[in-house]
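Take a look at the letters that make up each chain.
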Amino acid sequence: MIPFYFAVLPGEHIYSWFARCFWLSGKLRREEYLRQKKVSYTDLRPNEPLSQAMALVCKTAVQFNPKLDLPMCATPMPIWALSMEPTTFLSFLKRYRGNIVSDDLHMREFDMLAGTQEWKACKTCIAEDIEKFGCSMWHTKHQLSGCLNCYKHAARLVTPEKRMSSMGALQLPHQINRWQYASGADSKLSQEFSEFYSRIFDMSIEDAACLSDLKYKFWKLLGIESRSVSQKQLACVDLETQLADTLGIPFLANMFTYYSEGKNSHNCGVLAGLTKIEAKGYRVRNPIFWVTALFWKRRELHLVKSEPAHACAAGIHSI
Ligand SMILES: [Zn+2]
């Protein structure tokens, strides 16, 4: 008989499941538990799904959750389809499910991205989860880069006061006493962005192919139809300024250090990031570049909240 508590909970991050299993395993030492699972203290990062550690934990979890597609329902993986060609994403998923993952597929861009490296939670969710499930958990959607607000309650997300970039101590939210607000400037726009990101994330779970249609439509909207990366980079210089004027520097500084540090190279902006994603490379960039770009043009792309979730697909095919 499979104990009920080994099931991954709805919306739960796979490392949260991993931590709950430790507390229920009866093992006294975290070191022993991590060693047995071949995972190190520094591996359990919130937003790095293209890693050997996440593949290993999914492999462990699948025996208790055989009906779930864990990479797609319990990790941030679905949204990373934005950062890859569809065929690359599918091939990566296949390798991931077979546990054939190299450990270094993420581009090292910590110095470019703001506030993306720490575990985040919502205090209302913590109370609700304890009430509903008898325990707290880390939610996958709270961990998305640039999200400052809860996808359920719009409440400001919090992060442990003692910096927690990896869940090496296997702590669950209710075991943490001191919290602080996740870094970034809260605003109506940041709340709208978190809600937007949540819906794009749901779309990516439902139909990852829709994302590549959205990207195509975005470039067409900007009047950039060349497939040449260098031509796109050239065309993006003025558009980068338009994007910054529309969204505002304080909002963009929540995601990109480039804006908080007042750098003036167009090489580091959001659109420059998109063109670099399209340049062939071994490592994969964070999807925050694409999510921010789509958020900029959300009205033109019919991605505002009142639109049906799949209006994008219908609109694209009519172009
Ligand atoms: Zn919440």
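Before reading on, note that the structure itself is shown above.
Small disclaimer: the values here were computed from a predicted structure and weren't measured.

S.K.: Describe in detail the overall build of the protein, supporting the description with residues and values.
M.R.: Of regular secondary structure, the protein possesses 14 helices and two strands. Residues counted as buried form 39% of the 319 residues belonging to the protein. Here the contacts in the protein between residues at least 6 apart in sequence split such that 74% fall between residues at least 24 apart.

S.K.: Help me get a handle on the environment of Gly269, residues and values and all.
M.R.: Locating Gly269 in the fold gives a position in the loop between helix 11 (257-260) and helix 12 (270-278). Residues Gly269 and Thr257 lie twelve residues apart in sequence; the distance between their C-alpha atoms is 9.9 Å. Setting aside chain neighbours within four positions, we find Gly269 in contact with Glu240 and Tyr258.

S.K.: Quick rundown of unusual backbone geometry? Include the residues and the values.
M.R.: If you check the backbone angles, Ala154 has positive phi at about 65° while not being a glycine. Its location among the elements puts Ala154 in the loop between helix 6 (123-133) and strand 1 (158-160). One non-glycine residue, Leu170, lies in positive phi territory at about 55°. On the secondary structure map, Leu170 appears in the loop between strand 1 and strand 2 (179-181).

S.K.: How would you summarise the environment of Leu243 if you had to cite specific residues and measurements?
M.R.: Turning to its location among the elements, Leu243 is positioned in helix 9 (residues 229-247). The spatial distance from the C-alpha of Leu243 to the C-alpha of Val270 is 8.4 Å, given a sequence separation of 27 residues. Setting aside residues no more than four positions away along its own chain, Leu243 makes contact with Val270, Leu271 and Trp296.

S.K.: Go over the environment of Phe133, please, and point to the residues and values.
M.R.: Along the polypeptide, Phe133 turns up in helix 6. On a C-alpha basis, the gap between Phe133 and Leu9 in space is 8.4 Å, while along the polypeptide they are 124 residues apart.

S.K.: With reference to specific residues and values, describe the nonpolar core.
M.R.: Counting residues in hydrophobic clusters, the biggest one holds 78 residues, and the most contacted among them are Ile14, Val57 and Leu294. For this core, the element with the most residues is helix 13 (residues 288-296), which contributes eight residues. Sequence-distant contacts of Leu294, that is, excluding residues within four places in its chain, are made with Ile200, Leu214, Phe218, Leu301 and Leu303.

S.K.: So what about the packing of helix 7 (residues 188-206) against helix 13? Which residues, and what values?
M.R.: Interaxial distance between helix 7 and helix 13 falls to 11 Å at its minimum, and their mutual angle equals 110°. One finds that helix 7 runs roughly perpendicular with respect to helix 13. Here helix 7 runs over helix 13; the crossing is right-handed. Contacts between helix 7 and helix 13 involve Phe193, Phe196, Tyr197 and Ile200 on the former and, on the latter, Val291, Leu294 and Phe295.

Conventions and cut-offs
- Within every chain, residues take consecutive numbers counted from 1 along the sequence as written.
- In view of the model being predicted, local features appear only for residues whose pLDDT reaches at least 70, and side-chain atom pairs are presented and counted only at 80 or more, with totals across whole chains, interfaces and linings using the full set of residues.
- Runs of E in the DSSP output that reach at least two residues are strands. Runs of H or I that reach at least four are helices, and both are numbered from the N terminus.
- In this scheme every C-beta is placed from the backbone, and a residue whose C-beta has 20 or more other C-beta atoms within 10 Å is buried, one with 12 or fewer is exposed, and one in between is partly exposed.
- The contact rule is simple: place each C-beta atom from the backbone, and if two of them lie within 7 Å, those residues are in contact.
- Nonpolar core, as used here: buried Ala, Val, Leu, Ile, Met, Phe, Trp, Tyr and Cys residues forming one set through C-beta atoms within 7 Å.
- Inter-axis angles, ranging from 0 to 180 degrees, are taken between N-to-C directions of lines fitted to C-alpha atoms, where helices are fitted over the stretch in contact.
- Roughly parallel means an angle under 35 degrees; roughly antiparallel means over 145; roughly perpendicular covers 65 to 115; every other angle is labelled oblique.
- Each helix crossing is assigned a hand: it is left-handed if the near helix lies turned anticlockwise from the far helix by less than a right angle, otherwise right-handed if that turn is clockwise.

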